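# Chains, contacts and geometry: an overview
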Amino acid sequence: MAILPISHLPQDSVLRQKAKRVSIIDSSIQRLIDDMIETMQEAKGVGLAAPQVGISLRIIVIRMPGEQPMAIINPEIVEHNGEQEVTEGCLSVPGYRGEIKRSAQVTVKGKDRQGKRIKIKATGLMAEALEHESDHLDGKLYIDHIESQDKLYNVERRISSERGENL
Ligand code: NI
């Protein structure tokens, strides 16, 4: 396994591209998933999408606190309901947090790393992470959901307000 360099705004345009679907889940995809999980854990993130390591493919990894990491290939949000207000950060936008609205509940379909079809229904942080990482696959970042500039803040200057996960 290897720790991959994480792409940051504004220099990396791969973050703004629509990623391609994975058609064959082979050993190179397995290796990429392993490396993404290691990279996410090393960066203390809760989620990571392949474009964040410079690879424009529809693969995300998520690790909820206290749980095993998981990968979803070609994830698709098939249903979303309600609304939750969250404070969110992104490993590709270091040093910032933003207050945005996410769906309270999402249902995602995709494939696991063995290529088996999966369907996940989630709320709370998991729903937030699934939306955040799916956004990455369409070239979107959480900062695109910020409604006013005072909802985005530099965490280095506001340590006491530091909360929210990096996704
Ligand atoms: Ni992110």
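Notes on the structure follow. Since the structure is predicted, the reported quantities are computational estimates derived from the model, not experimental observations.

What counts, and at which threshold
- Residues numbered from 1 in each chain as written.
- Predicted model: local features only at pLDDT ≥ 70, side-chain atom pairs only at ≥ 80, totals over all residues.
- Heavy atoms only, no water.
- Helix = DSSP H or I, 4+ residues; strand = E, 2+ residues; numbered from the N terminus.
- Polar contact = N/O pair within 3.5 Å; in protein donor to acceptor, adjacent residues only side chain to side chain.
- Contact = heavy atoms within 4.5 Å.
- Donors = N, O, S within 2.8 Å, 3.2 Å for Na, K, Ca; no water.
- Tetrahedral: all angles 85-135°; square planar, octahedral: opposite > 155°, others 65-115°.
- Buried < 20%, exposed > 50% of the residue type's maximum accessible area, 1.4 Å probe, protein only.
- 1 Å grid on protein atoms, 1.4 Å probe; cavity = no way out; pocket = protein on both sides within 12 Å on 5 of 7 lines; lining within 4 Å.
- Points joined across faces, edges and corners; volume = space filled by probe spheres on them.
- Nonpolar A, V, L, I, M, F, W, Y, C, P; charged D, E, K, R; others polar.

Okay, the side chain of serine 103 next. Topologically, serine 103 is positioned in the loop between strand 5 (96–102) and strand 6 (105–111). Within the structure, the side chain of serine 103 is placed 2.6 Å from the side chain of glutamate 131, a separation counted as a polar contact. Setting aside chain neighbours within four positions, we find serine 103 in contact with His80, Asn81, Gly82, Glu83, Gln84, Ala127 and Glu131.

So, about the coordination of the nickel ion. Each protein donor to the nickel ion is listed here as Cys90 (SG), His132 (NE2), His136 (NE2) and Leu167 (O); together their distances run 2.1 to 2.3 Å. Viewed at the metal, the four donor atoms of the nickel ion are separated by angles of 91 to 142 degrees, and the geometry they form is irregular. Read from N- to C-terminus, the donor residues coordinating the nickel ion fall into the pattern C-x41-H-x3-H-x30-L. Residue cysteine 90 is found in the loop between strand 4 (84–89) and strand 5, and its partner histidine 132 is found in helix 2 (residues 124–137); the two are separated by 42 residues along the sequence. Per residue, the accessibility class of cysteine 90 equals that of histidine 132, and both read buried.

Here the focus is the layout of surface pockets. The computed volume of the largest pocket comes to approximately 200 Å³. Lining the largest pocket are Glu85, Val86, Thr87, Glu99, Ile100, Lys101, His145, Ile146, Glu147 and Lys151. Contributing elements (two or more residues each) for the lining of the largest pocket: strand 4 and strand 5. Partitioned by chemical class, the residues of the lining of the largest pocket number three nonpolar, two polar and five charged. Put simply, the second largest pocket is a space of about 170 Å³. Every residue along the wall of the second largest pocket is listed here: Arg21, Ile73, Asn74, Glu76, Lys109, Gly110, Lys111, Arg117 and Ile118. Looking at the lining of the second largest pocket, the elements with two or more residues in it are strand 3 (70–81), strand 6 and strand 7 (117–123).

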